Each structure stands twice: as structure tokens, then as C-alpha cells.
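What the coordinates show
Chain by chain, the residues:
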Amino acid sequence: MSLIVQKFGGTSVGSVERIEAVADKVSGFVDAGHQVVVVVSAMSGQTNKLIALANEIMDTPTPREMDVLVSTGEQVTTALLAMALHKRGRKAKSYNGSQVRILTDDSHMKARIREIDDHKIRADLDSGHVVIVAGFQGVDENGNITTLGRGGSDTTGVALAAALKADECQIYTDVDGVYTTDPRVVDSARRLEKITFEEMLEMASLGSKVLQIRSVEFAGKYKVPLRVLSSFKDGPGTLITVEDESEMEAPAVAGIAFNRDEAKVTVLGVPDEPGVAYNVLGPVSEANIEVDVIVQNVAEDDTTDITFTVHRNDLKRAEDIVRASAQSLGAREVKTDGKIAKVSIVGVGMRSHAGIAATMFRALSEVGVNIQLITTSEIKISVVIDEKFLELAVRTLHSAFGLDSTDEE
Ligand code: ADP
Ligand code: ASP
Ligand code: MG
């Protein structure tokens, strides 16, 4: 007998029929002799609807009340699934985050899990129940409801699997695994049999929202065996694993991630002297704006240009801050661009393959895509390009690195 944590995302519980189908699937695992803890998301679209309701009242509701509001979506699904299991003659019990006591810090809307009390869950499992837990939510030390950030039910699933030392954490979603790139964007994307935690973490951080970043961090840290599967069709899914040292021939590139969430700020013609980068970027970080890519270039006339990217939602604030400091720095001009995209190739195999960057840049140049910024780390290369070329760039790189599926597959 093994203990399995199964997380079902929004589409997988998107209607009463889907919830009944989940109940059948869970029943199958119980029949096979497993203990099952189920984590559910809100029915698809529900979280967005709740946020829209709040915004009908005001633009910036307090984070505390937002959490009270959005956490209700998951609670609905837990009860419906429990009922569907009861209808099938199963023992099942639903819990919200606070009832379990998923203790988090007090950062509303982006809380981090600190501790999970597993007593009630273990007792219920031991008495033959399926335990259903609302994803995405917890409670802080003072009893306030918190939520874990969009996509946070993945993290609830992994954290519960870690706390219960489950044999596997299964993330059921609307695709049958992790693909070489988003299959909604590239038809020839291919399902991966397995991907390393490191690669998955990069993919998630660089825009592949199939798993919440925090959930991958958690799984890596606590060595939770993690699998992404389809709730719609049977199959092996994708296993997220530790790197297999014996595998000499890891492909250079495992996958391609992209995002359209960033915007670019460029400060032109600042006198090139010590402290310039600090003077431009210091005030931005003091305003709690996260900066991603940073590039500095020196011109022949002893001035320098600094370009950096921020989240699109922060562009206006970043621009205002930089315009204010640019004046005192004697900068020639400040420019911004909200229509950029970042495309990244990811793979642990890059460590042992040469010429990956050259292949990437050649492939993009051959289809006329201009690269605006480049950043690299040991297992990824990212380029910032004009947003209108995003799909072309992803498709081109997908072929250039031999990731396209063949018809036989
Ligand atoms: P859920 O509601 O089940 O949590 P999400 O919408 O959060 O589902 O995540 C699944 C979606 O992630 C897929 O429908 C797919 O479009 C998208 N996605 C992005 N990148 C990838 C990738 N590399 N592999 C698989 N799916 C991806
Ligand atoms: N319902 C939440 C969201 O839509 C959490 C989740 O589904 O993981 O972001
Ligand atoms: Mg999700």
C-alpha cells in the first residue's frame, strides 16, 4: 500500500461531470489499495471571477480581504468532490487550509508555507477516508486566511506530499505531461518522459506555467517524487527527477520557455563612472520592483547605456522612478518598451555541449528575429525580442534543437 497525493487543477474539476470523473479516478486508486490525499483547485475560471467581482467594488482591495474572497473557490470543490465520493460509497472528508492547519507566513496573496499539521489527515487515512484538501490556501499565526499566489494549489499538493512523506505527488492537469514547450503554442511540442528538478525550475521561472515555481522548489528541496499527468486520458505523464549522472547523452536543450510578462527600460547616455548602475537601479529596487535582465554598454564618448526589464505591471512606476533619477544623473534619454517577449532554452545538457548559444543566435537570425538582450546561466540562455516574433522564435528554436515530435511518436 502506498500513500499518494493527487492534485487536480481547475479544468480537471471545471464542472460537476469533471468532478464525478475525478471521483472515479480517485476510487480506482483506493480500490488498488492506496491511501489517497486529494488537493483541488477552484473550478476553472472561478478565481478570475472572484477577482473581477472584487474589482467591481474597488481597484485595490486589501490583500487580507482578497484572500478571504479567493480562498472560497477551492472550498467549493472540496465539498463537491467529497459528495461525489460519498455517492460512490467511499469514506471521504474535506478540509480547508485552516482546518488542516497549513500554517503560512502573513504575506497575503503570496504566502509561504511554514508548517503543516498532519495529525487529522493521518487519522482520517488510517480510518479509511480519502482526505480532500483545498489547494492554494493556508492560515497565518493569527488565524488570517492566506493564499499562496496564482497556481498555488500545485504547491499545496507538493507540500502535503512532503509533510506526509508520500510515495508520489501526482499533478493532474489538462495536458498529459510536461512538454518541450507549451503545446498550446507549438503543435509539434513533445511530451517529456522525465525532466530534472533543475530544468523544471528554470522552465517554470522562465514562463512555463504548467507548475507553480514554488511547487518545484519544494519538490526539489524535500525530494518529493513528482509527476505531471492528464486527468482526461491515461498515460505515464512526466516524472520530475534528480539528474541521472549515468546518462551521458542528455540532450543539450530539454525545453523552451517564454513569457510576455516583461517590459524594458533603457537609460541612454549616462556619464560612465562608478556608481552609475547603482544610481539607476537602486531607487527601482527600493520601490520593491523586481528587476530581471540587466545590460550595460559603454559608448566611445565615455557615456554608458543601461537597459533592464521589469514586470509589465511595474513599467509605469519604474519609468517614473528612472526619469526622476536620470535627470540628476545627466542622462540623455529614457526609453521604454512594453512589447517585448523573453524566449529561453533550458537544459542541463548545456553544461557539456559547446556552441549552443551560436546555434540559437544563428537560428533566430535566419528567420530575421532581432535579439535585443541576452542573458545566460549554466543551464539556460534567454533572449529578449520583439513580442510580435515570439511564436516564430519559439517554433524556430524548437526545430533547431531537434525537439519537434515526429509523426511516428
Ligand atoms: P491547472 O489548472 O491544471 O493547474 P494550468 O493551466 O496551470 O493547469 O497548467 C497547464 C497548462 O500549462 C497547459 O494547458 C499548457 O498550455 C501550459 N503549459 C505551458 N508550458 C507548458 C509545457 N512546457 N508543458 C506542458 N504544458 C505547458
Ligand atoms: N485557483 C487558484 C488560481 O487560479 C490556484 C490554483 O488553481 O492553483 O490561481
Ligand atoms: Mg496550474
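Further up the page is the structure itself.
What counts and how
- Residues numbered from 1 in each chain as written.
- Chains lettered and ligands numbered in written order.
- Predicted model: local features only at pLDDT ≥ 70, side-chain atom pairs only at ≥ 80, totals over all residues.
- Heavy atoms only, no water.
- Pairing = 2+ DSSP bridges.
- Helix = DSSP H or I, 4+ residues; strand = E, 2+ residues; numbered from the N terminus.
- Axes fitted to C-alpha atoms, helices over the stretch in contact; angles between N-to-C directions.
- Contact = heavy atoms within 4.5 Å.
- Near = heavy atom within 4 Å.
- Polar contact = N/O pair within 3.5 Å; in protein donor to acceptor, adjacent residues only side chain to side chain.
- Areas by Shrake-Rupley, 256 points an atom, 1.4 Å probe, with all protein chains shown as cover.
- Nonpolar A, V, L, I, M, F, W, Y, C, P; charged D, E, K, R; others polar.

**Quick look at the sheet that holds strand E12 (residues 238–241)**
Strands belonging to one sheet form pairs held by backbone hydrogen bonds; the direction of such a pair is parallel or antiparallel. The sheet built from eight strands is open, its strands ordered E3-E6-E2-E1-E9-E11-E12-E10 with mixed pairing. This sheet does not close on itself; its edge strands, each paired only once, are strand E3 (92–95) and strand E10 (194–196). Averaged over all adjacent pairs, the angle separating strand axes in this sheet is 20 degrees, with direction ignored. In terms of strand pairing, strand E11 (residues 226–230) meets E12 through three bridges, oriented antiparallel. Looking across to E12, one finds that Arg227 is bridged to Leu239. Contacts from helix H5 (residues 119–126) reach strand E1 (3–8), strand E2 (35–40), E3 and strand E6 (130–134) within the one sheet, and its direction differs from that of E2 by about 130 degrees.

**Thoughts on the site of ligand 1**
In the vicinity of ligand 1 there are 17 residues, among which Thr173, Asp174, Tyr179, Asp182 and Arg184 approach most closely. Contact between ligand 1 and Thr173: an oxygen atom at 2.7 Å from a side-chain N or O atom of the residue. Interatomic distance of 2.8 Å between a side-chain N/O atom of Asp174 and an oxygen atom of ligand 1. For ligand 1, the accessible surface in isolation is 580 Å², of which the surrounding protein chains cover 85%. Its residues assigned to classes, the shell around ligand 1 comprises six nonpolar, six polar and five charged.

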